[in-house]
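# Architecture at a glance
What follows is each chain in one-letter form.
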Amino acid sequence: MNRIFQTLRRRGGLFLIRFGVIGAQLLVLLVLASLMQRSEFGAFAYGWASIQLVSALISLGGPGYLLREMSARQAGPEHGPALLQVLLIASAGPAVLAFGVWFIIRGLISHDLLPLASPDFALVIVLGGWLNNLVANIAVPIRVSGAANTAMFYRDGLGHLIVLASGFAVAAAYPTVSALRVLEGYCALAVLVVGAGLLIAALRARSAAYFGNGKQPFNLAFWGSGLTAMLAAQIDILIGGLFLTPAHLGSYQILRKAANLLSLPQIIANWSIAVEASRAFASGDRIALKESAREGLTIALVPAFALGVTLLLASPALFSWYHIPVDAQSLMTFLVLTMGGLANVGFGANFLIAAQCRLEHLALRARLIALVAGSALLASLSPALGITGVAVAMATSTILMNVLIWLDVQRRLGVDTSIFSLFGHRTQT
């Protein structure tokens, strides 16, 4: 237990930054909503979400690949991506895809198939998505150099601050704040963010080497896994929504968003151990790899458990605030979602270890199997059980996905990423 609290103290900055980012996101939305007319804020929200979606669609899985390869480079010069690889994966390839996406979005807007008034939104959305992707890639060498806190703030927090700055600038220069102008301002400021990130990465190069011989081929499984995860995150709404009333769907969305807070400690744990795990694998040091997995568990478990207990205790206030019926169905739904989130943390950094140890194709397979199984369960349970059926389907899909990759990682690497490894480790010592 002492080791757990020592680890949490050492990684406390990441928790502060991550929760600060969440607070900043909420603050930005509230401030912009107060600056804009409701219709303009709706257009902004749609455009901002589209930028995030485009960023994922054109990324080619570059950030995940570069994190693994640049981390492995720290084990020796025989590892690591070549400079040309980095330029193609992080910038040129996504730019080509972005051009095709721009053409499609522009056509959809012109034919009134998207709720955006002007085709000019197409260019802003695609340019913003490409710049977002660049920022995600530039954060990788900053993280590899040892600046974990700086990299997380740069990747996840700075974008929201500059969109807020854009909103204030537009409010000062124009009588009305339009969504298009705010997003245009965001793109202009994002160019400066990209430049600042490149400068930080260059200055941090004294602490880490980024480029190698590029012998490890690029695998699109990173891209497929990211897109599958994005789809899996929305499949409960897409399929479950077919069988739920709007009121039930709204209640489920609120409960799901609250339960999703349990993923934050795991995100922080993965960000903390990624470099060490890849370096250990590249060096052939299985003991260090197992220690990385255990450290991820010690980072995530206590905060996740504390969050889970807090969420359950605070559920009466949550239900009252959002006018969710306090009945057996709603209570069971929230309990199932919370238990599913805790189970996900209990399997540890299984997907991170797989990605950093050249098993990304197995991670993609696990996600695809779980997506298909979850879709089938949603279609069969939602009509009979309502929002509880949706929650059971998603929790089952999450557990199945984790079990599959957990077994693969144990079989291929001999590493147990789950909570069971802590008990085994304690017994052995």
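To keep things clear, this report deals only with the structure shown in the data block. No experiment lies behind these values; they were computed from the predicted model shown.

## Brief notes about the overall build of the chain
Within the chain, the regular secondary structure consists of 18 helices and zero strands. Expected size for 429 residues packed as a compact globule is a radius of gyration near 22 Å; at 22 Å, the chain falls within 12% of this value. Each principal axis of the C-alpha distribution contributes one length, and for the chain these read about 65 × 55 × 35 Å. Looking at the chain residue by residue over its 429 residues, the buried ones come to 49%. At a minimum sequence separation of 6, the contacts of the chain that also span at least 24 residues come to 80%. Surface accessibility of the chain: about 19,300 Å² in total, with carbon and sulfur atoms responsible for 69%. For the chain, the distance from the average site of its 27 positive side-chain charges to the average site of its 16 negative ones is 7 Å.

## Description of the packing of aromatic side chains
Inspection of every chain in the model, using the stated rule, returns 10 aromatic pairs. When the ring of Phe 319 is compared with that of Phe 334, the centres are 6.2 Å apart and the planes differ by 65°; the resulting orientation is edge-to-face. Linking Phe 319 in helix H13 (residues 286–321) with Phe 334 in helix H14 (residues 328–346), this pair joins segments that are 15 residues apart in sequence. Pair check on accessibility: Phe 319 and Phe 334 agree, each one buried. Three or more aromatic residues joined by ring pairs make a cluster, and in this case those are Phe 41, Phe 44, Trp 48 and Tyr 186.

## Quick notes on a nonpolar patch on the surface
On the surface, Leu 312, Met 332, Leu 335 and Met 339 cluster together into a nonpolar patch covering about 320 Å² of accessible area. Considering each element in turn, the nonpolar patch owes the most residues, three residues, to H14. Among the structural elements, Leu 335 can be located in helix H14.

## With respect to the environment of Ala 122
For Ala 122, the position within the fold is in helix H6 (residues 120–144). Each C-alpha atom, one on Ala 122 and one on Ile 51, is 9.8 Å from the other, the two residues being 71 residues apart in sequence. In this structure, Ala 122 is in contact with Trp 102, Ile 105, Arg 106 and Ile 109, ignoring residues within four places of it in sequence.

## Re helix H9 (residues 221–232)
If you check H9, its first and last C-alpha atoms are 16 Å apart, about what 12 residues at 1.5 Å a residue would give, namely 16 Å. Within H9, the full set of buried residues consists of Ala 221, Phe 222, Ser 225 and Thr 228. Along the long axis of H9, the arc covered by the buried residues comes to 130°, so they all point the same way. Against helix H4 (62–73), helix H15 (350–356) and helix H16 (360–385) lie the buried residues of H9.

## A short note on the packing of helix H3 (residues 38–58) against H6
Look at H3 against H6: their axes get within 7 Å of each other, and the N-to-C directions meet at 50°. For the element pair H3 / H6, the angle class is oblique. Of the two elements, H3 crosses H6, and the hand of that crossing is right-handed. Residue-level inspection shows Ala 43, Gly 47, Ser 50, Ile 51, Gln 52, Val 54, Ser 55 and Ile 58 of H3 in contact with H6, the latter providing Phe 121, Val 124, Ile 125, Val 126, Gly 128, Gly 129, Trp 130, Asn 132 and Asn 133. Partitioned by chemical class, the residues of the contact of H3 with H6 number nine nonpolar, eight polar and no charged.

## As for the side chain of Ser 59
Considering the arrangement of structural elements, one finds Ser 59 in the loop between H3 and H4. On the basis of relative accessibility, which here comes to 11%, the residue Ser 59 falls in the buried class. Residues contacting Ser 59, with those up to four places away along its chain left out, are Ile 89, Pro 94, Asn 133 and Trp 223.

## Brief notes about the packing of helix H11 (residues 246–259) against H13
Put simply, H11 and H13 touch, their axes get as near as 12 Å, and they point 150° apart. Here H11 is positioned roughly antiparallel relative to H13, judged by the angle of their axes. H13 is crossed by H11, and the crossing has right-handed handedness. Residues Ile 254, Leu 255, Ala 258 and Ala 259 of H11 pack against Leu 311, Leu 318 and Phe 319 of H13.

Analysis parameters
- Residues numbered from 1 in each chain as written.
- Predicted model: local features only at pLDDT ≥ 70, side-chain atom pairs only at ≥ 80, totals over all residues.
- Heavy atoms only, no water.
- Helix = DSSP H or I, 4+ residues; strand = E, 2+ residues; numbered from the N terminus.
- Rg over C-alpha atoms; globule rule 2.2 N^0.38 Å.
- Buried < 20%, exposed > 50% of the residue type's maximum accessible area, 1.4 Å probe, protein only.
- Contact = heavy atoms within 4.5 Å.
- Areas by Shrake-Rupley, 256 points an atom, 1.4 Å probe, with all protein chains shown as cover.
- Lys, Arg positive; Asp, Glu negative; His and termini not counted.
- Charge placed at Lys NZ, Arg CZ, Asp CG, Glu CD.
- Phe/Tyr/Trp six-rings, centres within 6.5 Å; stacked < 30°, edge-to-face > 60°.
- Patch = residues over 30% accessible without salt bridge, like charges linked within 9 Å, V, L, I, M, F, W, Y side chains within 5 Å.
- Salt bridge = Lys/Arg side-chain N within 4 Å of Asp/Glu carboxyl O.
- Expected span 1.5 Å × (residues − 1).
- Arc of directions from axis to C-beta.
- Axes fitted to C-alpha atoms, helices over the stretch in contact; angles between N-to-C directions.
- Parallel < 35°, antiparallel > 145°, perpendicular 65-115°, else oblique.
- Left-handed = near helix turned anticlockwise from the far one by under 90°.
- Nonpolar A, V, L, I, M, F, W, Y, C, P; charged D, E, K, R; others polar.

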